[in-house]
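Report on the structure
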Amino acid sequence: MIVYQTIPRSKIKWFRSELLAWGKQHRRKFPWRDTSYAYAILVAEFMLQKTNAPLVARLYEKFIEKYPTVEALAQTEFIEISNILQLYIKKVVVNRLASRCMKNNNAQQEIKKSAVT
């Protein structure tokens, strides 16, 4: 039998502040944490799927430098993207997303929608 207890708000507030303080002091620096650009965040999310963050950090900066916008990515040959991403499933998804964004002529809205689903 599972017994649930209510945690007092004061303990939740304390835990939250302790966790945030610890995170501020110990969290690793990654380039995608310093941007609010939806496309750059989405690229990082794709690259981080089943790949460790330090490896992604090295590839991410090259990728964003070479393809700074969804339009630049959509105009790129599939083989070029594959040389950077190195994993087939990621190549396919990122390329399809860029193409879909360009077809809809509403790239930012499409990116936000894809990031949620």
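Residues numbered from 1 in each chain as written. Predicted model: local features only at pLDDT ≥ 70, side-chain atom pairs only at ≥ 80, totals over all residues. Heavy atoms only, no water.

Contact geometry of helix α2 (residues 38-48) with helix α3 (residues 53-66) gives a least axis separation of 10 Å together with a crossing angle of 140°. Of the possible angle classes, the one that applies to α2 and α3 is oblique. The crossing of α2 and α3 is right-handed. Of α3, the residues touching α2 (which contributes Y39, A40, V43, A44, M47 and L48) are A53, V56, L59, Y60, F63 and I64. Of the residues belonging to the contact of α2 with α3, the class tally is twelve nonpolar, no polar and no charged. (Axes fitted to C-alpha atoms, helices over the stretch in contact; angles between N-to-C directions. Helix = DSSP H or I, 4+ residues; strand = E, 2+ residues; numbered from the N terminus. Parallel < 35°, antiparallel > 145°, perpendicular 65-115°, else oblique. Left-handed = near helix turned anticlockwise from the far one by under 90°. Contact = heavy atoms within 4.5 Å. Nonpolar A, V, L, I, M, F, W, Y, C, P; charged D, E, K, R; others polar.)

Take the nonpolar core next. For soluble globular proteins, nonpolar side chains are generally found buried alongside one another. In terms of nonpolar packing, the biggest core is built from 24 residues, with W32, Y39, V43, M47, Y60, F63 and L73 touching the most fellow members. What L73 contacts, discounting residues up to four positions off in sequence, is Y39, F63, Y67, I81, V94 and A98. (Core = buried A, V, L, I, M, F, W, Y, C linked by side-chain atoms within 4.5 Å. Buried < 20%, exposed > 50% of the residue type's maximum accessible area, 1.4 Å probe, protein only.)

Here we come to helix α1 (residues 9-26). With 18 residues, α1 should cover 26 Å at 1.5 Å per step; its first-to-last C-alpha distance of 25 Å lies within 8% of that length. Counting buried residues in α1 gives one out of 18 residues, a small share hidden from the surface. (Expected span 1.5 Å × (residues − 1).)

Low pLDDT marks stretches whose predicted atomic positions should not be read closely. Put simply, the protein chain has an average pLDDT of 80, and 79% of its residues get 70 or more. Taken element by element, the protein chain is modelled with least confidence in helix α7 (residues 107-116), mean pLDDT 59, and with most confidence in α1, mean pLDDT 93. (pLDDT = per-residue confidence, 0-100.)

Right, let's get into a nonpolar patch on the surface. On the surface, W14, F15, L19 and W22 cluster together to form a nonpolar patch covering roughly 510 Å² of accessible area. Along the chain, the position of W22 falls in helix α1. (Patch = residues over 30% accessible without salt bridge, like charges linked within 9 Å, V, L, I, M, F, W, Y side chains within 5 Å. Areas by Shrake-Rupley, 256 points an atom, 1.4 Å probe, with all protein chains shown as cover. Salt bridge = Lys/Arg side-chain N within 4 Å of Asp/Glu carboxyl O.)

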